[in-house]
Amino acid sequence: MRYLCVLLAFALIASAAPAASVPRLHQAYIVQDSVLIKLPDGATLSAIIVRKKGTHRPLPATLFFTPYYQGKGDIVFAKAPAKRGFVGVVVYSRGIRTNVKNFAPYVHDGEDAREVIEWIAHQPWCDGKVAMFGGSYVGFVQWSVAKDPPPALKTIVPQVAIMPGFDVPMENNVFQSYQFVWANNILDYPHVPKDLYGRWYRSGVPYRTLDQLAGKPNRIFQQWLDHPAYSAYWQSLVPTPEQYADMKIPILVTDGYYDGSNIGSMQYVRQYLRFNKHPDLYLVIGPYDHFGAQRSPQPVLQGYPIDSVAKINLRELTYAWLAYVLKGGEKPAILKNRINYEVMGANAWRHVSALHAMHDDTLKFYLTPTRNGKNHLLDSRPPTQGGHLAETVDFRDRTTQNNYYTPSILSDDLASSASHSLVFVSQPFEHAFSIDGSFSGRLIASINKRDMDFYVSIYELMPNGKYFYLAHDLGRASYADNRTRRELLVPGKKTDIPLANTNIVSRRISEGSRLVVVLNVNKNPYMEINYGTGKPVAEESIKNKDAAQSLHVDWYSDSYITVPVIRKASSQAQIR
């Protein structure tokens, strides 16, 4: 699920503070703004350094390496670690505050941050120990540095970290339009027209021309579109299996079930735990979005009042962790095991040794053509005979769209998220139980074209009639087996499409609740549209007659989802 707020997900990392507080800050702190750091290759980075006055010995330093310039708010942001006995350092990506023409998202940050850490470690105000923290893009930078960490780096705290090519600027190989706006904002281009996405959608022109519609070519956007596979271009930016195996510094990860970058953030964790034989990583995850998992969670998140035990300040947890690693302080109490997660609806934290230990069993539900009221039956029993549901999508029709996002966690109906969708509903559960982990499954389908983009979303339909959003999987069928290489479908041939990239979630499912699956073929203004011709998707358009033939899909009844549960509870998860 991509929330509406994810349109701003990469713009508000550091909390800006009122300018009036800056003069008072100078009374108690030494503030160095616009410090220039020269790199070995000749590039220059801009930095802010804040130290508490009256400190006469070197201190450990914290590094916040970011592409976002927040003005005087960044000085106040750097004050927060300085207030807690560190030196607060904010450094901007290559080109930011210097010459934005030199900014290349993701490309230089890891190596540049390594050089900055070495520079910090040799300053007279630093005791030789440096820690990195922060979220989103800033979280990515930390994992990139950890590929080959300098000796001075003692810990990283990547929060809601994005993984380039994995979840941004495309999610499972499907490009997301809000990333174009991000690139425009970073480059300080003219404001994007208010109805840009609608104009593009109605016109039917190629996705690659989105920047032309906005009024100015965007080099970043165009370069991204040249790499639609999760290729070496993207993989070179993140650790290899060997580099994960060699990581020896302690790591704290914070994330949220409703973080738009959840699948990328958790991919780092999965790869690290898979390849590192002596892991020193802790994860804290709960009912948080992209911002709440970096700071203080919202008490009511997208219409859902979160449990009282989930109301912990993740930024304060970060500072407590830094004190633990860098100063020998107490280990934060919530870190009772490697994986620490809150069970929504149970008002309780659970602590396990690995992601796979969040559950020890699964339930399987089939997407059947059998009617279940106005919808179809999500059946716990395997189909006894073949069957399928037919769906037709006319890409020429721009008066309608297939929505791809869920606007809230708690909702009264599925009207906004199930537009032109197939809906499958299970029978009520006889006993309460909990879902813990990531959904998976298979879609079995045949189409008359060579490709399609699909969207699966999963809900709990509660006894009171409200829907509780749980998870989703967005994907491109031609990349579902291997996101690094496109394998086009054979028209008319039954194809097995794996579902393997849903967000992690934990939720107590009430007695009498039902499970709901909504199945879509994507056709909306907020991401590129896959017409199914087999050509590069960004170049397809109505004007090229790529939409002359409608997409016909047969969804077969042996399609299924698997639900991660704990065995003790799953034995009670009987259906009436």
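Below: a short report on this structure. The structure presented is a predicted model; accordingly, all values stated were derived computationally and were not measured.

Once that is clear, we can look at the overall build of the chain. A count of helices and strands for the chain gives 13 helices and 28 strands. A compact globule built from 576 residues should have a C-alpha radius of gyration of about 25 Å, and the chain, at 24 Å, falls within 12% of that. Expressed along its principal axes, the backbone C-alpha trace of the chain runs to roughly 80 × 55 × 45 Å. By the burial criterion, 60% of the 576 residues in the chain qualify as buried. Taking the contacts inside the chain whose residues are at least 6 apart along the sequence as the reference set, 77% of them involve residues at least 24 apart. With 62 positive and 50 negative side-chain charges, the chain shows a separation of 4 Å between the mean positions of the two kinds.

All right, on to helix α3 (residues 109–121) then. Its 13 residues give α3 an end-to-end C-alpha distance of 18 Å, which sits within 8% of 18 Å, the value for a rise of 1.5 Å per residue. Those residues of α3 lying buried are Asp109, Gly110, Asp112, Ala113, Arg114, Val116, Ile117, Ile120 and Ala121.

A few words now on the pattern of salt bridges. Under the defined criterion, the tally for this structure stands at 21 salt bridges. Note that Asp226 is salt-bridged to Arg208, the shortest N-O span being 3.1 Å. Residue Asp226 is found in the loop between α8 (219–225) and α9 (232–235), and its partner Arg208 is found in the loop between α6 (196–203) and α7 (210–214); the two are separated by 18 residues along the sequence. Here Asp280 and Arg338 are joined by a salt bridge, their closest N and O atoms 3.9 Å apart. Here the residue Asp280 occupies a position in the loop between α11 (262–275) and β10 (281–289), and Arg338 occupies one in the loop between α12 (314–327) and β13 (339–343), the gap between them amounting to 58 residues.

For the structure shown, the criterion picks out 33 aromatic pairs. When the centroid spacing of 5.6 Å and the interplanar angle of 80° are considered together, the rings of Tyr69 and Tyr92 count as edge-to-face. Of this pair, Tyr69 sits in the loop between β3 (59–66) and α2 (72–83) while Tyr92 is found in strand β4 (residues 87–92), placing the two residues 23 residues apart along the sequence. With a relative accessible area of 0%, Tyr92 lands in the buried category. The interplanar angle of 55° and the centroid separation of 6.3 Å between the aromatic rings of Phe103 and Trp182 together place this pair among those described as tilted. Taken together, the residues Phe103 in the loop between β4 and α3 and Trp182 in helix α5 (residues 178–186) connect sequence positions 79 residues apart. Its relative accessible area of 7% is what places Trp182 among the buried residues.

Bridging between strand β1 (residues 29–38) and strand β2 (residues 44–52) involves eight bridges; their strand directions are antiparallel. Along β2, the bridge assignment pairs Gln32 with Ile49. Hairpin geometry of β1 and β2 is characterised by an intervening segment of five residues between the two adjacent antiparallel strands and by a positive phi of about 100° at Gly42.

The omega torsion across Val168 and Pro169 is -10°, close enough to zero to call that bond cis. Even without a glycine there, the phi angle at Ser136 is positive, about 65°. Along the chain, Ser136 turns up in the loop between β5 (126–135) and α4 (137–145). Judged by its relative accessible area of 0%, Ser136 is buried. A positive phi is found at Asn173, a non-glycine position, where the angle reads about 75°. Along the chain, the position of Asn173 falls in the loop between β7 (170–171) and β8 (174–175). Of the residues examined, Asn173 reaches a relative accessible area of 2% and is grouped as buried.

Here we take up the side chain of Asp289. Residue placement: Asp289 occurs in strand β10. Arg295 provides the closest opposite charge to the buried, unpaired Asp289, separated from it by 7.6 Å. Of note is the side chain of Asp289, whose polar atom sits 2.9 Å from the side chain of Gln298.

Cut-off values and rules
Residue positions are given per chain, counted from 1 along the sequence in the order it is written. Per-residue local features of the predicted model are confined to residues with pLDDT of at least 70, and side-chain atom pairs are confined, for both listing and counting, to 80 or more; whole-chain, interface and lining totals are unaffected and use all residues. For side-chain calculations, the full set of non-hydrogen atoms in the structure is used, while hydrogens and water are omitted. Note on conventions: DSSP H or I runs of at least 4 residues are helices, E runs of at least 2 residues are strands, and numbering of each starts at the N terminus. Values of the radius of gyration come from C-alpha atoms, whereas the globule rule sets the reference at 2.2 Å times the count of residues to the power 0.38. Whether a residue is buried, partly exposed or exposed follows from its accessible area with a 1.4 Å probe, protein chains only, as a fraction of its type maximum: under 20%, in between, or over 50%, in that order. The contact rule is simple, with two residues in contact once any of their heavy atoms fall within 4.5 Å. Charged residues are defined here as Lys and Arg on the positive side and Asp and Glu on the negative side; His and the ends of the chain fall outside this count. One atom stands in for each charge, and that atom is NZ of Lys, CZ of Arg, CG of Asp or CD of Glu. One less than the residue count of a helix, multiplied by 1.5 Å, gives the span that helix is expected to have. One side-chain nitrogen of Lys or Arg within 4 Å of one carboxyl oxygen of Asp or Glu is enough to make a salt bridge. Each Phe, Tyr or Trp ring, with Trp reduced to its six-membered ring, pairs with another whose centre is within 6.5 Å; inter-plane angles below 30 degrees give stacked pairs, above 60 give edge-to-face pairs, and intermediate values give tilted ones. For two strands to be treated as a pair, DSSP must find no fewer than two bridges joining them. Pairing of N or O atoms within 3.5 Å defines a polar contact, subject to two protein rules: one partner must be a possible hydrogen donor and the other a possible acceptor, and residues neighboring in sequence count only if both atoms are side-chain atoms.

This is a description of form; function is not addressed.
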